[in-house]
Number of protein chains: 2
Amino acid sequence: MIQTPYLLFLGDAPDGLAAKVAQGIRDWRPDQCVGQFRLEGCKADLGLPDMSLADAYANGARTLVIGVANRGGVISQSWRAVLLEALEIGYDLASGLHNLLRNDNALAAAAQVHGRTLHDVRVPGVAYPIATGEKRTGKRVLAVGTDCSVGKMYTALALERDMVALGMKATFRATGQTGILITGAGVPLDAVIADFMAGSIEYLTPDNDADHWDIIEGQGSLFHASYSGVSLALIHGGQPDALVICHEPTRTHMRGLPGYALPSLEAVRDTALTMAHVVNPNCKVVGVSVNTKAMGEDEARAYLAKVEAQVGVPAVDPFRHGATRLAEALAAL
Amino acid sequence: MIQTPYLLFLGDAPDGLAAKVAQGIRDWRPDQCVGQFRLEGCKADLGLPDMSLADAYANGARTLVIGVANRGGVISQSWRAVLLEALEIGYDLASGLHNLLRNDNALAAAAQVHGRTLHDVRVPGVAYPIATGEKRTGKRVLAVGTDCSVGKMYTALALERDMVALGMKATFRATGQTGILITGAGVPLDAVIADFMAGSIEYLTPDNDADHWDIIEGQGSLFHASYSGVSLALIHGGQPDALVICHEPTRTHMRGLPGYALPSLEAVRDTALTMAHVVNPNCKVVGVSVNTKAMGEDEARAYLAKVEAQVGVPAVDPFRHGATRLAEALAAL
């Protein structure tokens with residue numbers, strides 16, 4: 001568990017996109033963001049107060065989160081100076097970078113001297129068990145995608161927000177680096193050893209109140225040749241009571257796989273349900289979440305209506321119109 | 001690549017089952033087995049000449065393969081003495097044990113001093129790529145199972161034997177520890193990091209002659225809640241032209257999962273084909289391989305005839321009757 005609240009480190013981000021991890025934290029956990037820390041030349045701005053390390057610490061911040069991608073995969077001297085000072089002041093550090101903080105000798109030594117923790121959320125910190133397939137109490141909904149990067153995390157976070165607004169018990173369960181930094185906990189599923197994938201998801205979504213929903217962030221797609229095994233492990237480890245199909249309608253091919261067409265929504269529905277019924281015979285598809293960013297309002301409404309008629313379940317864009325209809329469909333299960 | 005031929009180390013195996021890895025090597029690669037090495041009290045016997053380390057080395061053996069499970073997960077002093085002497089004589093060591101040879105300080109030091117290699121086949125020795133999904137030349141057949149441990153490795157090895165006997169070009173591709181020790185190479189798929197599973201199978205089965213068949217050892221089952229992700233990665237990384245469904249008819253539940261019934265052969269066929277068609281639209285199920293060990297000859301024949309009528313493809317027990325009919329079905333594709 002990563003200590004909150006956070007100071008968000010934006011470094012020398014060349015644009016807002018480079019700071020998308022920080023943006024995700026700011027969008028979904030604004031209460032946990034004391035401020036932002038920017039180096040000279042930083043072009044990203046989250047609209048949070050710019051703070052020094054000392055001031056943010058005095059205002060309660062306990063973890064400096066690296067919310068920006070680094071250039072060339074190395075921690076630069078200008079970054080390192082800030083990170084070392086943060087450890088000295090009393091911050092833990094959290095990072096989803098490919099090159100691990102713990103492998104930086106200067107940072108590792110400083111963390112030891114000052115008794116601080118380096119959270120490299122890209123690698124598992126737990127020896128996960130092999131999945132048992134045993135039924136757990138409580139309910140679970142899983143986001144499944146026609147492709148990678150179609151909005152599964154966003155859909156799950158919007159569901160959490162709107163389920164809680166309806167008075168439901170709901171917890172977002174992160175399975176990727178950004179989600180883990182947003183919530184402070186989770187399983188970095190793509191870095192888990194094959195034998196323990198489904199078990200890590202059982203670990204992530206344990207027994208809970210009968211009326212509590214775990215909202216499991218999906219990964220990949222059953223129809224994505226590179227990552228499908230991860231997607232199936234989520235279904236079998238998650239034992240979902242409900243699935244939400246996530247889709248991005250402007251894709252011309254599967255992400256990173258030129259020549260691979262996207263599956264139909266019906267194909268995703270049918271295969272995901274067949275697999276889900278192995279572990280939960282009552283699992284249902286409750287809705288479709290569409291990323292309509294590329295469409296005007298009328299076009300988006302028309303597209304959602306078409307999908308809804310086609311698949312026979314509510315179709316929404318949770319960013320544009322909220323996820324309340326999906327939350328209501330879950331409440332009605 | 002593990003150097004051959006082998007001397008098979010049976011240690012103090014309490015029974016034949018404890019030496020099943022050595023038995024597999026002896027059954028499938030007898031030409032590569034110079035002899036067996038047994039400690040006092042060993043109850044396993046492969047029918048190979050008992051040889052000293054020095055004699056076997058003089059007869060050409062270059063790797064001492066630990067073909068036996070160790071008790072309590074530790075390398076005992078009596079084992080270690082033999083392994084150290086082997087390194088000194090000039091052997092490499094190969095092991096599928098959970099506790100790695102390289103983590104044994106005495107063995108690691110001796111290997112370094114003598115310039116020998118410790119092959120811990122349970123862990124990957126390669127940084128596998130992410131799968132690209134690109135079409136490779138050559139043909140591939142994959143064993144898929146209704147469950148774990150139903151005979152997928154045996155089926156694949158029998159197919160290799162009988163395809164070669166028919167004059168076909170065929171190579172068994174190991175994806176598990178025993179298979180790797182049998183063939184001297186392969187991918188320990190259950191120990192691969194999630195993101196690289198499908199890529200490791202692409203790596204294992206690269207471009208080849210147009211009329212060459214890779215016979216890919218299957219793992220797990222799409223319907224096994226603990227390991228299904230591995231099975232799907234095999235389908236998407238393998239890009240199979242053909243599938244053989246493997247089945248063991250006496251199972252009352254999925255291995256290790258009480259309460260989980262086995263899927264029907266039709267369910268495995270339909271889901272495996274749906275997933276295979278993502279990467280290879282021409283993939284076909286060419287046969288069913290049944291482990292009829294628990295049946296008398298008449299019962300086995302009747303059961304195989306029933307399965308053949310039910311699924312509409314050849315059904316054979318490759319151990320009992322050979323895999324020639326499956327090989328012919330592949331040749332006819």
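A quick note: this is a predicted structure, and the numbers were derived from the prediction, not measured.

The positions that UniProt labels "domain: D-glutamate N-acetyltransferase-like N-terminal" (unreviewed entry) are, in the present scheme, residues 39-124 of chain A. With 34% helix and 13% strand, the stretch residues 39-124 of chain A has end C-alpha atoms that lie 30 Å from each other.

The figure often quoted for interface size is the accessible area lost as the parts come together. On the chain B side, the residues contacting the 33 residues of chain A number 33 residues. Roughly 2,600 Å² of surface becomes buried between chain A and chain B when both sides are summed, with 61% attributable to carbon and sulfur atoms. The three residues of chain A that bury the most area against chain B are A:Ala194, A:Asp195 and A:Tyr260, which together make up 18% of that side's buried surface. At the boundary of chain A and chain B, one finds zero salt bridges. Viewed at the interface, chain B and chain A are joined by ten residue pairs in polar contact (both at pLDDT 80 or more). Only helix H7 (197-204), helix H8 (228-238) and helix H9 (265-279) of chain A provide two or more residues apiece to the side of chain A that touches chain B. Top contributing element to the side of chain A that touches chain B by residue count: H8(A), with six residues. Each residue belonging to the side of chain A that touches chain B can be placed in one class, and the counts come to 21 nonpolar, ten polar and two charged.

Pairing between sheet strands relies on hydrogen bonds along the backbone, with the strands arranged either parallel or antiparallel. All names here are of chain A. Judged by pairing direction, the sheet is parallel, and its five strands sit side by side in the order E2-E1-E3-E4-E5 without closing on themselves. Of all the strands in the sheet, just strand E2 (33-38) and strand E5 (118-120) have a single pairing partner and so form its edges. Between one strand axis and the next, the sheet turns by 20° as a mean value, whatever way the strands run. On top of the sheet, helix H1 (residues 20-28) reaches strand E1 (6-11), E2 and strand E3 (63-66); it is set at about 150° to E1, its chief contact.

What follows covers helix H10 (residues 297-311) of chain B. All names here are of chain B. The end-to-end C-alpha distance of H10, which contains 15 residues, comes to 21 Å, matching closely the 21 Å that a straight helix rising 1.5 Å per residue would cover. Considered for burial, the residues of H10 that qualify are Ala300, Tyr303, Leu304, Val307 and Val311. Projection of H10 onto a plane perpendicular to its axis shows the buried side chains occupying an angular sector of 100°, all on one side. Opposite the packed face of H10, turned more than 90 degrees from it, sit the exposed residues Asp298 and Ala309. Of the surrounding elements, those touching the buried residues of H10 are strand E9 (242-247), helix H9 (265-279), strand E10 (284-290), strand E11 (315-316) and helix H11 (318-321). Directly after H10, the chain includes Gly312, whose backbone phi takes a positive value near 85°.

Let us now look at the domain arrangement of chain A. All names here are of chain A. In terms of domains, chain A is made up of domain 1 (6-120) and domain 2 (139-332). For domain 1 versus domain 2, the separation of C-alpha centres amounts to 29 Å. Taken together, the twelve residues of domain 1 in the interface contact eleven residues of domain 2. Inspection of the region where domain 1 meets domain 2 yields one salt bridge. Of all the secondary-structure elements, those providing two or more residues to the side of domain 1 that touches domain 2 are H1, E3 and strand E4 (92-95). For the side of domain 1 that touches domain 2, the element with the most residues is H1, which contributes four residues.

Our next topic: the UniProt feature "domain: D-glutamate N-acetyltransferase-like C-terminal" (unreviewed entry) in chain A. UniProt records the feature "domain: D-glutamate N-acetyltransferase-like C-terminal" (unreviewed entry) at residues 130-326 of chain A, using the numbering of this structure. Within residues 130-326 of chain A, the helical portion is 39% and the strand portion 16%, while the C-alpha atoms at the span's ends are 32 Å from each other.

Quick look at unusual backbone geometry now. Leaving glycine out, the prevailing phi sign among residues is negative, and the prevailing peptide bond configuration is trans. All names here are of chain A. A cis amide bond links Thr4 with the next residue in sequence, Pro5, at an omega value of -5°. For Pro5, the location among the structural elements is in the segment before E1. Even without glycine at this site, Ser149 takes up a positive phi of about 55°. Among the secondary structure elements, Ser149 is positioned in the loop between strand E6 (139-145) and helix H5 (152-165).

Okay, the side chain of A:Arg136 next. Residues and elements named next belong to chain A. Tracing the chain through its elements places Arg136 in the loop between E5 and E6. One buried charged residue, Arg136, remains without a salt bridge, the closest side chain of opposite sign being Glu202 at 4.1 Å. Not counting chain neighbours up to four residues away, the residues in contact with Arg136 comprise Ile201, Glu202, Thr205, Pro206, Asp207, Gly237, Gly238 and Gln239.

Residues and elements named next belong to chain A. Here the structure, examined in full by the defined rule, presents twelve aromatic pairs over all chains. With a centroid separation of 6.0 Å and an interplanar angle of 25°, the aromatic rings of Phe9 and Phe37 are classed as stacked. A residue pair is termed long-range when its members are at least 10 positions apart, and Phe9 in strand E1 and Phe37 in strand E2 qualify at 28 residues. We classify Phe9 as buried; its relative accessible area is 0%. For Phe37, a relative accessible area of 14% gives the class buried. In this arrangement the basic side chain of Arg62 is found over the ring face of Tyr57, its NZ or CZ atom lying 3.8 Å from the centre.

So, about the packing of H5(A) against helix H12 (residues 324-331) of chain A. The geometry of a pair of packed helices is captured by two quantities: the angle between their axes and the separation between those axes. Residue and element names in this part refer to chain A. Two elements in contact, H5 and H12, have axes whose closest approach is 8 Å; the angle formed by their N-to-C orientations is 65°. The angle between H5 and H12 places the two elements in the roughly perpendicular class. Read as a crossing pair, H5 and H12 show a hand that is right-handed. Contact residues: H5 offers Leu159, Asp162 and Met163, while H12 offers Thr324, Leu326, Ala327 and Leu330. Along the lines of polarity and charge, the residues of the contact of H5 with H12 split into five nonpolar, one polar and one charged.

Procedures and definitions
Residues numbered from 1 in each chain as written. Chains lettered and ligands numbered in written order. Predicted model: local features only at pLDDT ≥ 70, side-chain atom pairs only at ≥ 80, totals over all residues. Heavy atoms only, no water. UniProt positions renumbered as here; feature names shortened; annotations may be inferred. Helix = DSSP H or I, 4+ residues; strand = E, 2+ residues; numbered from the N terminus. Contact = heavy atoms within 4.5 Å. Buried area = accessible area lost by both parts, 1.4 Å probe. Salt bridge = Lys/Arg side-chain N within 4 Å of Asp/Glu carboxyl O. Polar contact = N/O pair within 3.5 Å; in protein donor to acceptor, adjacent residues only side chain to side chain. Nonpolar A, V, L, I, M, F, W, Y, C, P; charged D, E, K, R; others polar. Pairing = 2+ DSSP bridges. Axes fitted to C-alpha atoms, helices over the stretch in contact; angles between N-to-C directions. Expected span 1.5 Å × (residues − 1). Buried < 20%, exposed > 50% of the residue type's maximum accessible area, 1.4 Å probe, protein only. Arc of directions from axis to C-beta. Domains from an automatic or database assignment. Lys, Arg positive; Asp, Glu negative; His and termini not counted. Phe/Tyr/Trp six-rings, centres within 6.5 Å; stacked < 30°, edge-to-face > 60°. Lys NZ or Arg CZ within 6 Å of the ring centre and 35° of its normal. Parallel < 35°, antiparallel > 145°, perpendicular 65-115°, else oblique. Left-handed = near helix turned anticlockwise from the far one by under 90°.

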